[in-house]
Amino acid sequence: MKKRNPLAPLNPPLLPPSARSRAALGLTAAAARGAFQLQVCTHCDAVQYPPRDVCHACLCDALVWRAVPDGGRVLAETTVRISADPYFRTKAPWRVGMVALDCGPSVIAHLHADMGAGQRVRMSARLDKSGQAVMLALPEGSTDLSDDRQLRELACDPRGRRVLVTDIRSPFGCAISRAMADAGAQVLDGIGLDVTDTENVRRAAGAYGGRVEILVNTTLHIRPGGVIGRGDVVLAHEEIETTQLGLMRLAQSFGPALRGRGAEKPNAACAWVNIFSVYGLIPDAAFGAASAVHAAALSLSRTLRAELRAGGIRVIDVFVGPLDDVWHEAQPPPKVSPSQLAAAVVRALRDGVEEVAVGDVAQDVLARYRDDPKVLERELSGRPQ
């Protein structure tokens, strides 16, 4: 691989067209979670595409987003070699096609290299570099898809990229480092990085921040205790310094270089991963103080997502339930193991999602939170402490 001249200026990142209607943002929300959903009319059950405000069949305005069958057949395909759009001009040739979905509509989609007219496909909604949803047609079988150029552009595969794991000494950080190496990444030496020390983080960013293509913030600080029972704020200071302000220090030191390298070839900077307790969404009184800090850090992560989007960088929030560590010994199983978390992080990068829940507890809490946060709050607060 030809090395870039460090004195040469970086090209400004180019992004695909990002304008979408408010209705179309439902497809983006589903893609961010790794789901394939389309609008369905509650009156006549007609499936809608493209997204719209009223049903194309009966003009009813009661449209809801639902999971639909992802199968289809390619009706026609072509290769775009010249484009008026600056982003696609640099990516040509690019394959697109028309796919008739089993659930009804026909869509224009990006095509995997192995797909051609007449073939069966499975559809996937993916986020592009601008953070908006696009349709991608993939082979029906479970073949290795990692070598496809267009799929790689719509994901954050660690293979061939340099990864910084912030807390490589913990069991969870160590497992993630091994998983990244097994996935074909070059893991940078993050030993000695202290997110509670501003100067330490700045020195680390100066030493190797310009080489980082994926940053995984594994500095987990989750301690038991609510608000009243702790008696003081000493432990809360540690939680805030590590989880909330630690993320801010990392963002201020590593964020600019990561955002500026989103257009490099062949392995551009592509992702930032944060790991949070799922109780940052809705508090668990047994870990109430930590839940509050994770809620604040989660808000920072969402701001970071907006700021890094200009460079085509994806921010991935990984939610976990009780961890298999000393601080969750009193919690009943199931618990998240280091290897389980590591596998989920690699999978989230390859899928290019923005949000993933790891383990049965986190998946259950996240699903119930999306359904009705107030009901979930009452359920969690009613548990014995």
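Residues numbered from 1 in each chain as written. Predicted model: local features only at pLDDT ≥ 70, side-chain atom pairs only at ≥ 80, totals over all residues. Heavy atoms only, no water.

1. Examining the sheet that holds strand 7 (residues 120-127)
- What the five strands build is a closed barrel, ordered 4-5-6-8-7; its pairing is mixed. Across the sheet, the mean angle separating the axes of adjacent strands is 45° when strand polarity is ignored.
- Direction of pairing for strand 5 (residues 94-101) relative to strand 6 (residues 106-111): antiparallel, over a ladder of five bridges. Looking at the pairing, Val-96 lines up with His-110 of strand 6. (Pairing = 2+ DSSP bridges. Helix = DSSP H or I, 4+ residues; strand = E, 2+ residues; numbered from the N terminus. Axes fitted to C-alpha atoms, helices over the stretch in contact; angles between N-to-C directions.)

2. Considering the pattern of salt bridges
- Here the structure, examined in full by the defined rule, presents 17 salt bridges.
- The partner of Glu-77 in a salt bridge is Arg-95, and the shortest N-O contact between them spans 3.1 Å. With Glu-77 in strand 4 (residues 71-80) and Arg-95 in strand 5, the pair connects residues that are 18 residues apart, well separated along the chain.
- Looking at Glu-77, the relative accessible area reads 36%, which means it is partly exposed.
- With relative accessibility at 16%, the residue Arg-95 sits in the buried group.
- A salt bridge links Glu-213 to Arg-162; the shortest N-O distance between them is 3.0 Å. Here Glu-213, found in the loop between helix 5 (198-208) and strand 11 (214-217), pairs with Arg-162, found in strand 9 (residues 162-165); they are 51 residues apart in sequence, far enough to count as distant.
- By relative accessible area, which is 4% here, Glu-213 ends up buried.
- Judged by relative accessible area, which is 24%, Arg-162 ranks as partly exposed. (Salt bridge = Lys/Arg side-chain N within 4 Å of Asp/Glu carboxyl O. Buried < 20%, exposed > 50% of the residue type's maximum accessible area, 1.4 Å probe, protein only.)

3. Focus on the packing of aromatic side chains
- Evaluation of the coordinates by the stated rule reveals two aromatic pairs.
- Taken together, the ring pairs in this structure connect Tyr-87, Phe-88 and Trp-94 into an aromatic cluster. (Phe/Tyr/Trp six-rings, centres within 6.5 Å; stacked < 30°, edge-to-face > 60°.)

4. Remarks on the packing of helix 4 (residues 171-182) against helix 8 (residues 338-351)
- Packing of helix 4 against helix 8 brings their axes to within 8 Å, and their N-to-C directions diverge by 45°. In terms of axis orientation, helix 4 runs oblique to helix 8. The way helix 4 lies across helix 8 gives a crossing that is right-handed. Taken together, the residues of helix 8 that come into contact with helix 4 (itself represented by Pro-171, Phe-172, Ala-175, Ile-176, Ala-179 and Met-180) are Pro-338, Ser-339, Leu-341, Ala-342, Val-345, Val-346 and Leu-349.
- Class assignment for the residues of the contact of helix 4 with helix 8 results in 12 nonpolar, one polar and no charged. (Parallel < 35°, antiparallel > 145°, perpendicular 65-115°, else oblique. Left-handed = near helix turned anticlockwise from the far one by under 90°. Contact = heavy atoms within 4.5 Å. Nonpolar A, V, L, I, M, F, W, Y, C, P; charged D, E, K, R; others polar.)

5. Here's the deal with the sheet that holds strand 3 (residues 63-67)
- Spatially, the three strands line up as an open sheet ordered 2-1-3, and their pairing is antiparallel. Only two strands of the sheet have a single partner each, and these edge strands are strand 2 (47-48) and strand 3.
- The pairing of strand 1 (residues 37-41) with strand 3 spans five bridges and is classified as antiparallel. Across the sheet, the residue bridging to Gln-39 is Trp-65, located in strand 3.

6. Concerning the pairing of strand 14 (residues 355-358)
- Of the two faces of strand 14, the one holding Glu-355 and Ala-357 and the one holding Val-356 and Val-358 are both buried throughout.
- Bridge count between strand 13 (residues 314-320) and strand 14: four bridges; the pairing is parallel. What sits directly across from Phe-319, in strand 14, is Ala-357.
- Handedness of the β-α-β unit built from strand 13, helix 8 and strand 14 comes out left-handed. (Right-handed = clockwise from strand over helix to strand, strands pointing away.)

7. Quick notes on unusual backbone geometry
- Residue Pro-93 follows Ala-92 across a cis peptide bond; omega there is 0°.
- Position of Pro-93 among the secondary structure elements: in the loop between helix 2 (86-91) and strand 5.
- Residue Pro-334 is reached from Pro-333 by a cis peptide bond, and omega for that bond is 10°.
- Along the chain, Pro-334 turns up in the loop between strand 13 and helix 8.
- Not every positive phi belongs to a glycine, and Asp-45 is a case in point at roughly 65°.
- Among the secondary structure elements, Asp-45 is positioned in the loop between strand 1 and strand 2.
- The phi dihedral of Leu-59 is positive, around 65°, even though this residue is not glycine.
- Turning to its location among the elements, Leu-59 is positioned in the loop between strand 2 and strand 3.

Take it as geometry only, folks, not as evidence of what the structure does.
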